[in-house]
Amino acid sequence: MILTILILLGIGLAVYTCVLHSIGPILGILLAVGYTLGCIIVFLLLVALLSVFIRIDRPADRRTRFYHWLMTNIVQVGMFLLRVRVNVTGREKIPRDTRFLLVSNHRTIFDPVLTMAELSEFTLAFISKKENFKIPIVNKLMHMCFCLPLDREDNRAAVKTINEAVELLDENVVSMGIYPEGQTNKTEEPLLPFRNGAFKIAQKAKVPIVVCVIENTEKILKNFPWQSTTVNLKVLEVLPYDSEHRGTRDVSEHVWPLMYHALVDCYPGSGTPHQYAEQPAPEKTE
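Residues numbered from 1 in each chain as written. Predicted model: local features only at pLDDT ≥ 70, side-chain atom pairs only at ≥ 80, totals over all residues. Heavy atoms only, no water.

Peer 1: Talk me through the nonpolar core; I want residue IDs and the actual numbers.
Peer 2: By size, the foremost hydrophobic cluster in this structure holds 81 residues, and its most contacted members are Met 176, Ile 201 and Val 255. Those residues in contact with Val 255, other than ones at most four positions away along the chain, are Val 103, Phe 194, Phe 199, Val 211 and Leu 239. (Core = buried A, V, L, I, M, F, W, Y, C linked by side-chain atoms within 4.5 Å. Buried < 20%, exposed > 50% of the residue type's maximum accessible area, 1.4 Å probe, protein only. Contact = heavy atoms within 4.5 Å.)

This is the structure:
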């Protein structure tokens, strides 16, 4: 929405300038690009100014979705500038009548924000490593969108984060996203081994698990600015709470090969998969 307004505003200013000064079409196109980029810069500066008034030492307001809307629009502007297109498949599988835990593979820092923006109608928040909450401006927006920091070195703090995520699900504030690999996968392998504790959130909150994979986000900065990037976000399956895979290990052993087989074409790796991948991929159901 905001991106469309900024582009139309840039084009409108260019047309007005061309008519006023009798400027030709080639220069007019350059003016439209320049005005659009100028409008985008002003928008981002306003966001930075707004962040000054956000205090992360206070709980986020659970009555408003303004910051989710703002985050979605910021990501859309960023995707436009970085020449990123996201192709989402399986959206219709996601439940709309209940909150859920979304699990996915993790390649880059772009993964959570792109997922939040592309599935914005579901009001997602992610559990993210605590280091991301030290990034200026970003940390405040993450806080207001109910994203939660995870300290991987402190088990007590990790349990607190899990309990906070369960509370947000129980109170129907947001759906939660988490990366069961527990870290960014910087290898050539499709998927790293899971930390089964990630699934405890769904178990405690009694919510379904939405299984996704995301591809090609590691190419965004490599391709920019000379080449566009198509990111694939695939919703593979939804495990209802009353699924037969109830224990966290059982869920992990079901989800891991499902995600592995969905990713192996894009990331062939070494050909030596984790033990869970030795199981055949679950048959697809219509």
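Back to the text.
Peer 1: Explain the side chain of Ser 104 to me, and be specific about the residues and the numbers.
Peer 2: The residue Ser 104 is located in the loop between strand E2 (101-103) and helix H4 (110-118) in this model. Here the side chain of Ser 104 touches Asn 105 through a polar contact of 3.3 Å, side chain to side chain. Ignoring sequence-local partners within four residues, the contact set of Ser 104 consists of Ile 178, Tyr 179, Pro 180, Glu 181, Cys 212, Val 213, Ile 214 and Met 259. (Helix = DSSP H or I, 4+ residues; strand = E, 2+ residues; numbered from the N terminus. Polar contact = N/O pair within 3.5 Å; in protein donor to acceptor, adjacent residues only side chain to side chain.)

Peer 1: If you had to explain the packing of helix H3 (residues 66-82) against H4 to someone new, which residues and values would you point to?
Peer 2: A pair of packed helices can be characterised by two numbers: the angle between their axes and the separation between those axes. Direction vectors running N to C along H3 and H4 enclose 115°, while the axes themselves pass 9 Å from each other. The angle between the axes of H3 and H4 places the two elements in the roughly perpendicular class. Handedness of the crossing formed by H3 with H4: left-handed. Note on element contacts: H4 touches H3 through Phe 110, Val 113, Leu 114, Met 116, Ala 117 and Glu 118, opposite His 68, Met 71, Thr 72, Val 75, Met 79 and Leu 82. Residues belonging to the contact of H3 with H4 are distributed by class as follows: nine nonpolar, two polar and one charged. (Axes fitted to C-alpha atoms, helices over the stretch in contact; angles between N-to-C directions. Parallel < 35°, antiparallel > 145°, perpendicular 65-115°, else oblique. Left-handed = near helix turned anticlockwise from the far one by under 90°. Nonpolar A, V, L, I, M, F, W, Y, C, P; charged D, E, K, R; others polar.)

Peer 1: So what's going on with the environment of Arg 62? Residues and values would help.
Peer 2: Counting through the fold element by element, Arg 62 comes out in the loop between helix H2 (25-51) and H3. Sequence separation between Arg 62 and Glu 92 is 30 residues; the distance between their C-alpha atoms is 27 Å. Apart from residues no more than four positions distant in its own chain, Arg 62 is found in contact with Phe 146, Glu 167, Leu 168, Glu 171 and Val 173. Within the structure, the side chain of Arg 62 is placed 3.4 Å from the side chain of Glu 167, a separation counted as a polar contact.

Peer 1: Got a sec to walk through the side chain of Glu 118? Specific residues and values, please.
Peer 2: Inspection of the secondary structure puts Glu 118 in helix H4. Buried Glu 118, no salt bridge; nearest opposite-charge side chain is Arg 91, N-O distance 4.4 Å. Apart from the residues within four sequence positions on either side, Glu 118 is in contact with Met 79, Val 86, Val 88, Arg 91 and Leu 233. (Lys, Arg positive; Asp, Glu negative; His and termini not counted. Salt bridge = Lys/Arg side-chain N within 4 Å of Asp/Glu carboxyl O.)

Peer 1: Lay out the packing of helix H1 (residues 2-21) against H3 with the relevant residues and their values.
Peer 2: With their axes 8 Å apart at the nearest point, H1 and H3 run at an angle of 50° to one another. It follows from the interaxial angle that H1 and H3 lie oblique. Touching Ile 2, Leu 3, Leu 6 and Ile 7 of H1 are Trp 69, Asn 73, Gln 76, Val 77 and Phe 80, all from H3.

Peer 1: Explain the sheet that holds strand E4 (residues 148-150) to me, using residue names and the numbers behind them.
Peer 2: The seven strands lie next to each other as E1-E7-E6-E2-E5-E3-E4, forming an open sheet whose pairing is mixed. The sheet is open, and its two borders are formed by strand E1 (84-89) and E4, each paired with just one other strand. The average angle at which neighbouring strand axes cross in this sheet is 25°, direction not considered. Here helix H6 (residues 155-170) sits on the sheet in contact with strand E3 (124-129), E4 and strand E5 (175-178), set at roughly 155° to E4. Docked against the sheet, helix H9 (residues 248-263) engages E2, strand E6 (209-215) and strand E7 (229-239), running at close to 30° with respect to E6. (Pairing = 2+ DSSP bridges.)

Peer 1: Got a sec to walk through the pattern of salt bridges? Specific residues and values, please.
Peer 2: Under the counting rule described, the total for this entry stands at eight salt bridges. Salt-bridge contacts for Arg 96 lead to Glu 121; the nearest nitrogen and oxygen are separated by 3.9 Å. With Arg 96 in the loop between E1 and E2 and Glu 121 in the loop between H4 and E3, this residue pair connects regions lying 25 residues apart in the sequence. Its relative accessible area of 60% is what places Arg 96 among the exposed residues. Taken together, the shared-partner salt bridges in this structure form one network comprising Arg 62, Glu 167 and Glu 171.

Peer 1: Residue-level account of the packing of aromatic side chains, with values.
Peer 2: Evaluation of the coordinates by the stated rule reveals seven aromatic pairs. With a centroid separation of 6.0 Å and an interplanar angle of 70°, the aromatic rings of Phe 100 and Phe 122 are classed as edge-to-face. Taken as a pair, Phe 100 in the loop between E1 and E2 and Phe 122 in the loop between H4 and E3 lie far apart in primary sequence, 22 residues in all. Aromatic side chains Trp 256 and Tyr 260 sit 5.2 Å apart centroid to centroid with 15° between the ring planes, which places their arrangement in the stacked category. Residue Trp 256 and its partner Tyr 260 are located together in helix H9, separated by four residues, close to a single helical turn. Here the two residues Trp 256 and Tyr 260 agree in accessibility, since each one is buried. (Phe/Tyr/Trp six-rings, centres within 6.5 Å; stacked < 30°, edge-to-face > 60°.)

Peer 1: Report on H3, specifying residues and quantitative values.
Peer 2: Between its terminal C-alpha atoms H3 stretches 24 Å, which fits the 24 Å expected from 17 residues at 1.5 Å a residue. Buried within H3 we find Tyr 67, His 68, Leu 70, Met 71, Thr 72, Asn 73, Ile 74, Val 75, Val 77, Met 79 and Leu 82. Of the residues trailing H3, Arg 83 is marked for its positive phi of about 60°. (Expected span 1.5 Å × (residues − 1).)

Interpretation note: all reported values are geometric properties and have no functional meaning in isolation.
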